[in-house]
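Residue-level listing of the chains:
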Amino acid sequence: MTSPHANALVALGRYLREYDYRFITVTPSTHRRINRRPGNERARDLRGIFGWSRPFAAEDVAPELLALMREAGIVEPDGALLRSTLRASSLGELLVFHSAYPTEDEDAVFFGPDTYRFVGTMGRAFPWLGSGPVRALDIGCGGGAGALAIARHFPHAEVTGADINTRALALTMVNARLAELPNLHACHSNLFDSLEGDFDLIVSNPPYVLDPSELPYRHGGGMRGAELSVRIVKESLGRLRRGGNLMLYTGVAIAGAQDEFLEAIRTELEAQCDHWSYEELDPDIFGGQLGEPGYEDAERIAAVWLHAIKR
């Protein structure tokens, strides 16, 4: 995202805040059902344009708003109407730009209910950190939700959002500017490949499903999507300072009584951590995924939370 586009997008975010815009992003299936209701074929207000990703007529929006959208490069034709290529979601007092619905592009930037669970659980764990980290990292940051939450809560910390998706990194920096968080910066990195030094806090909300299209924001690799999460745990433990914290939110396909992800990381956690905890936040998410290839013996997908403290 070029500087003029980024500047316009920040100005657009300020415009939305000025008009008290708020929107909570739902699951794709809920989004699809709501948009199919009679009367929801096109946007009638800001939430319709920037939340529900509905097409709109140019004459139905304020000229200054449409000018900002065009300057930011986020308007595309939708038949005789127009459509925003980005959404804006509320995250507490923050406003976060991310990809419009449906997220089908290779470089789509995800935000959804998982994001709320991730940031909410992380926030409840912040008291464990005392005065907070000096150096923090959000691996696979997407639009920067986790990094934004850390930078806002610990303004003295140097916070990095890392991702392989350059579009995500551009939006992370726009979202940081909109939130007025100068202590957050973005880095293009495949996990830790381009990152130097150690960290006091590492967080991650990685992709965790088997995606036939292998879209980067969805596909977690082998082990029914858990492979990437296993890599993040093992590599993070090697880059944490003594007493540093790892916080991971992910999804795990459960077959019978076995949690393959937990068994894959247990030995490393016991060898390198003085304290670690692991819990299911939700026992049954993405139930529709169980009908996809690769999940034939899985009974459910659970949302899990890992918090480990390096010895």
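For every chain, the first residue of the written sequence is number 1, and numbering continues from 1 onward in sequence order. The model is predicted, so local features are restricted to residues of pLDDT at least 70 and side-chain atom pairs to those at 80 or more, both for listing and for counting; the totals for chains, interfaces and linings are taken over all residues. Based on all heavy atoms of the structure, the side-chain values leave hydrogens and waters out of the count.

(A) Representation of the sheet that holds strand 6 (residues 158-163) within the structure. The mixed open sheet is built from seven strands, whose spatial order is 7-6-5-8-9-11-10. Looking at the sheet topology across the chains shown, the edges are occupied by strand 7 (184-188) and strand 10 (273-282). Across the sheet, the mean angle separating the axes of adjacent strands is 20° when strand polarity is ignored. In the sheet, strand 6 pairs with strand 7 via five bridges, with the strands oriented parallel. Two strands are counted as paired when DSSP detects at least two bridges linking them. Strands are runs of DSSP state E lasting at least 2 residues, helices are runs of H or I lasting at least 4, and numbering of each runs from the N terminus. Axis geometry follows a simple rule: fit a line to the C-alpha atoms, using only the stretch in contact for helices, then measure angles between N-to-C directions, giving values from 0 to 180 degrees.

(B) Region of interest: the environment of Leu248. Looking at where Leu248 falls in the secondary structure, it is placed in strand 9 (residues 240-254). Distance in space between the C-alpha atoms of Leu248 and Phe23 is 25 Å, their sequence separation being 225 residues. Should any heavy atoms of two residues lie within 4.5 Å, those residues are considered in contact. Residues within four places of Leu248 in sequence aside, it is in contact with Ser204, Pro206, Ser229, Ile232, Val233, Phe261, Val304, Trp305 and Leu306.

(C) Structural detail: the environment of Gly142. Here Gly142 is to be found in the loop between strand 5 (135-139) and helix 6 (145-153). In sequence terms Gly142 and Ser277 are 135 residues apart; their C-alpha atoms lie 25 Å from each other. With residues up to four places along the chain from it excluded, the contact list for Gly142 reads Val109, Asp163, Ala168, Leu169 and Thr172.

(D) A look at the nonpolar core. By convention a nonpolar core is built from buried Ala, Val, Leu, Ile, Met, Phe, Trp, Tyr and Cys residues, the set being connected through side-chain atoms within 4.5 Å. Throughout this description, buried means an accessible area under 20% of the type-specific maximum (1.4 Å probe, protein chains only), exposed means over 50%, and partly exposed covers the range between. Core analysis: the largest hydrophobic core is formed by 37 residues, its most contacted members being Met122, Ile150, Val159 and Met247. Those elements giving two or more residues to this core turn out to be strand 4 (94-99), helix 5 (113-125), helix 6, strand 8 (199-204), strand 9 and strand 11 (300-310). Among the elements that line this core, the one with the most residues is helix 6, at six residues. Those residues within four positions of Val159 in sequence are excluded, and the remaining contacts are Ala136, Ala147, Ile150, Ala151, Asn183, Leu184 and His185.

(E) How the structure looks around the packing of helix 5 against helix 6. Viewed as axis vectors pointing N to C, helix 5 and helix 6 meet at an angle of 25°, and their least axial separation amounts to 10 Å. Between helix 5 and helix 6, the crossing angle belongs to the class labelled roughly parallel. As helix 5 runs across helix 6, the sense of the crossing is right-handed. Where helix 5 approaches helix 6, its residues Thr115, Phe118, Val119 and Met122 are matched on the opposing element by Ala145, Gly146, Ala149 and Ile150. Nonpolar residues are Ala, Val, Leu, Ile, Met, Phe, Trp, Tyr, Cys and Pro. Charged residues are Asp, Glu, Lys and Arg, and all others, Gly as well, are polar. Looking at side-chain class alone, the contact of helix 5 with helix 6 contains six nonpolar, two polar and no charged residues. We call two directions roughly parallel when the angle between them is under 35 degrees, roughly antiparallel when it is over 145, roughly perpendicular when it lies between 65 and 115, and oblique otherwise. The sense of a crossing depends on the near helix, which, turned anticlockwise from the far helix by less than a right angle, makes the crossing left-handed and, turned clockwise, makes it right-handed.

(F) Structural context of helix 7 (residues 166-178). For a helix, the expected span equals 1.5 Å multiplied by the residue count minus one. With 13 residues, helix 7 should cover 18 Å at 1.5 Å per step; its first-to-last C-alpha distance of 18 Å lies within 8% of that length. Listed in full, the buried residues belonging to helix 7 are Ala168, Leu169, Ala170, Leu171, Thr172, Val174, Asn175, Ala176 and Leu178. On the buried face of helix 7, the contacting elements are helix 1 (3-18), strand 3 (86-91), strand 4, helix 6, strand 6 and strand 7. N or O atoms within 3.5 Å of each other form a polar contact, as long as, within protein, one can give a hydrogen and the other can take it, and as long as residues adjacent in sequence are counted only when both atoms are side-chain atoms. Its side-chain oxygen 2.9 Å from the backbone nitrogen of Arg167, Asn165 forms the N-cap of helix 7.

(G) Quick peek at the UniProt feature "domain: Methyltransferase small" (unreviewed entry) in the chain. The sites that UniProt annotates as "domain: Methyltransferase small" (unreviewed entry) are residues 135-248. Between the C-alpha atoms that bound residues 135-248 there is a distance of 17 Å. The span itself is 29% helix and 27% strand. UniProt positions are given in the numbering used here, feature names are shortened, and annotations may be inferred rather than shown by experiment.

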